[in-house]
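Architecture and fold: a report
Below, each chain spelled out in residue letters.
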Amino acid sequence: MVTLLLLLLLVVIAYGLTYVYRRPARALLAGLPTYSQLPFIGNMHWFMGGGRLLYERFSEISEVIEKTKLPFVIWIGPYPVLVISDPEDVIIVTNSFVEKPYFYNFAQNWVGNGLITAPVKVWKQNIKILGSTFNTSVVGSYQNIFNVQARRCVEKLKKEVGGEPFDVLNKYLTLFTLETICQTALGVLDISESIVTNEYCDAFNRIVELLNGRGFNIFKHPTFLYQLTTDYRELQKCIAVVHNVSELVITKRMREREMEKENAKNETSDGRPIKSFLDILLDHNEANLSFTEKEIKFEVNTIIVGGQEAVSITLFYILLMIGYKPHIQKKLYDEMQEIFGGTKRSVTKGDLSQMKYCEAVILETLRMYPPVPVSFRYADKAIQLKSCRVPEGASFGINALGAGRSRRIWGPDALEYRPERWLGAERPGHPAAFLAFNYGRRACIGKKYAMALMKTFLAHCVLELEVHSRADQLRLKMDLGLKAASGHLIQVGLRT
Ligand code: HEM
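In what follows, the accompanying structure is described. (Residues numbered from 1 in each chain as written. Predicted model: local features only at pLDDT ≥ 70, side-chain atom pairs only at ≥ 80, totals over all residues. Heavy atoms only, no water.)

Regarding its fold elements, the protein presents 20 helices and 11 strands. In terms of overall dimensions, the protein is globule-like: its C-alpha atoms have a radius of gyration of 23 Å, near the 23 Å expected for 496 residues. Taken over the C-alpha atoms alone, the protein extends approximately 70 × 55 × 40 Å along its principal axes. Going through the 496 residues of the protein one by one, you find that 56% of them count as buried. Intrachain contacts of the protein at a sequence separation of at least 6 include 75% that bridge at least 24 residues. In the structure as shown, the protein presents an accessible area of about 21800 Å², 58% of it carried by carbon and sulfur atoms. Taken together, the 60 basic and 50 acidic charged side chains of the protein have centroids lying 5 Å from each other. (Helix = DSSP H or I, 4+ residues; strand = E, 2+ residues; numbered from the N terminus. Rg over C-alpha atoms; globule rule 2.2 N^0.38 Å. Buried < 20%, exposed > 50% of the residue type's maximum accessible area, 1.4 Å probe, protein only. Contact = heavy atoms within 4.5 Å. Areas by Shrake-Rupley, 256 points an atom, 1.4 Å probe, with all protein chains shown as cover. Lys, Arg positive; Asp, Glu negative; His and termini not counted. Charge placed at Lys NZ, Arg CZ, Asp CG, Glu CD.)

To continue, consider the sheet that holds strand β1 (residues 72-76). An order of β1-β2-β7-β4 is seen for the 4 strands of this open sheet, with the pairing classed as mixed. The strands lining the two open edges of the sheet, one partner per strand, are β1 and β4 (374-378). Taken pair by pair, the neighbouring strands of this sheet meet at an average axis angle of 25°, ignoring direction. Strand direction decides the pairing type here: strand β2 (residues 79-84) and strand β7 (residues 395-399), joined by 4 bridges, are parallel. Following the sheet pairing, V83 is matched in β7 by G397. Together, β2, β4 and β7 form the strand contacts of helix α4 (residues 87-96), whose direction differs from that of β7 by roughly 130°. (Pairing = 2+ DSSP bridges. Axes fitted to C-alpha atoms, helices over the stretch in contact; angles between N-to-C directions.)

Now for the pattern of salt bridges. Opposite charge on two side chains permits pairing when their charged atoms draw close. Using the criterion set out here, one finds 31 salt bridges in the structure. The residue R52 makes a salt bridge to E56 at a minimum N-O spacing of 3.6 Å. A residue pair is termed a helical-turn pair when its members lie 3 or 4 positions apart in one helix, as R52 and E56 do in helix α3 (residues 51-68) at 4 residues. E56 sits in the partly exposed class, given a relative accessible area of 39%. (Salt bridge = Lys/Arg side-chain N within 4 Å of Asp/Glu carboxyl O.)

On to the pairing of β4, then. Taken residue by residue, a regular strand's side chains alternate between the two faces of the sheet. In terms of residue burial, β4 counts as a mostly covered element, since 4 of its 5 residues are buried. Pairing between β4 and β7: 5 bridges, direction antiparallel. Across the sheet, the residue bridging to S375 is I398, located in β7.

The next thing to look at is the site of the ligand. As a matter of local geometry, the ligand sits amid 29 residues, with Y104, W123, R377, R442 and C444 nearest to it. Separating an oxygen atom of the ligand from a side-chain N or O atom of K100 is a distance of 3.1 Å. Between the ligand and the protein, one listed contact pairs an oxygen atom with a side-chain N or O atom of R442 at 3.0 Å. Contributions of two or more residues to the shell around the ligand are made by α6 (120-130), α14 (293-324), β4 and α20 (447-464). Sorting elements by how many residues they give to the shell around the ligand places α14 first, with 6 residues. A breakdown of the residues in the shell around the ligand according to their chemical character gives 20 nonpolar, 6 polar and 3 charged. (Near = heavy atom within 4 Å. Polar contact = N/O pair within 3.5 Å; in protein donor to acceptor, adjacent residues only side chain to side chain. Nonpolar A, V, L, I, M, F, W, Y, C, P; charged D, E, K, R; others polar.)

All right, on to α6 then. Looking only at α6, the buried set comprises V120, W123, N126, I127 and L130. The buried residues of α6 all sit within an arc of 130° when viewed along its axis, so they share a single face. Facing away from the buried surface of α6 by more than 90 degrees, the exposed residues are K121 and K128. On its buried side, α6 packs onto α13 (277-288) and α14. (Arc of directions from axis to C-beta.)

Sheet architecture is open: 3 strands sit in the order β3-β11-β8, paired in antiparallel fashion. Each edge of the sheet is formed by a strand with only one pairing partner; in this case those strands are β3 (166-167) and β8 (465-468). Of the pairings in the sheet, the one linking β3 to strand β11 (residues 489-494) comprises 2 bridges and is antiparallel in character. Bridging from a neighbouring strand, D167 pairs with L489 of β11. Its contacts with the sheet place helix α8 (residues 143-158) against β3, β8 and β11, and it is angled at close to 65° to β8.

Let us now look at the side chain of N399. Tracing the sequence through the fold places N399 in strand β7. A polar side-chain atom of N399 sits 3.0 Å from a polar atom in the side chain of S62. When residues no more than four places from it in sequence are discounted, the contact partners of N399 are S62, I65, V83, I84, S85, P373, V374 and L435.

Another aspect to go through is the coordination of the iron atom of the ligand. Of all protein atoms, C444 (SG) alone acts as a donor to the iron atom of the ligand, lying 2.3 Å away. Note on placement: C444 falls in the loop between α19 (407-410) and α20. (Donors = N, O, S within 2.8 Å, 3.2 Å for Na, K, Ca; no water.)

The next subject is the packing of aromatic side chains. For the structure shown, the criterion picks out 27 aromatic pairs. Aromatic pair Y35 and F47: ring centres 5.9 Å apart, planes at 65°, arrangement edge-to-face. One end of the pair, Y35, is in the loop between α2 (23-28) and α3; the other, F47, is in the loop between α2 and α3, with 12 residues separating them in the sequence. F47 gets classed as buried once you look at its relative accessible area, which sits at 2%. A centroid spacing of 6.2 Å and a plane angle of 40° characterise the contact between Y200 and F204, whose relative ring orientation is tilted. Of the two residues, Y200 and F204 are both situated in helix α10 (residues 198-215); the distance of 4 residues between them amounts to about one turn of the helix. Under the relative-accessibility criterion, F204 is labelled buried at 4%. Joined through ring pairs, the aromatic side chains of Y35, W46, F47, F58, F72 and F216 make up one cluster. Its end group placed over the ring of Y35, R57 keeps NZ or CZ at 5.6 Å from the ring centre. (Phe/Tyr/Trp six-rings, centres within 6.5 Å; stacked < 30°, edge-to-face > 60°. Lys NZ or Arg CZ within 6 Å of the ring centre and 35° of its normal.)

See below:
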């Protein structure tokens, strides 16, 4: 007890010193919109209350930014986070900073120094090795697997034809994207459904909730205090479940590599061997131990976190939107009919570039429902934005949700779901108007992969099935991602 009191006293003293030390920074940001503050916690009390409230707050903040044309400051105790959505500011910030704020460390036990969370020193080394693992020719070499997996998923969806509304995300899309990522990015060919159990999905979702809960409760920020909580113990249990899966995947791949050594079976179309993300890591491990087994496990979890959830939830939002807007679904179907001429052949790389309307549907969905609604950067030096000077030590919240719905950027119909805005002369003029994959030096490296996989799935899906939904009942919530609080129900019928 005495130790605890002493620790608390230390926290109070450290806070007091930080508060005094950061007084000039506070003065610099004093003119920017913010919520009212309390001692110690800053604005944090405005965000405590769960995912629905968080979504409401970020919508509110986006509206303030829209009206004032200024960044909005959230005070995490003495630390300012400037929420920005102005494209010019986004370009300045994302090109100037690649460091992430301290709260990315909360995911250390889960993803360690994997690409998403790595401090800048580690990230600079690893991105050189891993940055090109999802380039056009590598993604192209995955096309067969994308087809096989998409077909399998659509066949399973057919079982729901004529039935009640069902949870398409948890029942089908999560498994589809996870298996596909395991077979491609992680190169594990023999993957079975037993890997993606309900226990795994529940543990994954709970980790995200717990990390989010910690992020918005400043008293859980100091690690030594957090480690005393029941949340911490639960987090460790959930991480163990998720790590079991990644360990299994790595072990399987190591065994397969042994067997493959003599036959060069993974080849690109021009005959060069292709290496999966996991193979590159294992090669480095075998050659010079530059990635230890533990680091490999963290990178694998990073790819699963970064890729699996974002793709499956985007596909869910797409099905929800086209299921509610038959004229959009019809246009999508017509485009696929034109490309595939009524056949059931596989989707080729060439087909993907012809799917202009499909691409517009995907981008429009990501504009309005970005799975990563806000991502963060840390200012390791002071910087001038369009409207204000930002001190060193501040962080930025790059607001993909707000930017995607901004009337100043997208026009008065910004809240209307209209894929046509991505076609021809209507395409958005500003390169940083669309932030779903983030922008600049530390943006998503899986964009090409995600687009190819989603297009392939949609081609197989709309050619075989008609989707129906009640998107008018969609209610959103936020944790680390943008989620549907109203569930993931859709219905399907056979195309006739
Ligand atoms: C619709 C699909 C996707 C969306 C919307 C998306 C979005 C994002 C965003 C916003 C970031 C930046 C996060 C931050 O700065 O904190 C990011 C980073 C990243 N994404 Fe994606 N992502 C998608 C799919 C994928 C896929 C399929 C993969 C891999 C298979 C992937 C791998 C990564 C990695 C490794 C990073 C970290 C990059 C770095 O820090 O250098 N993503 N993604």
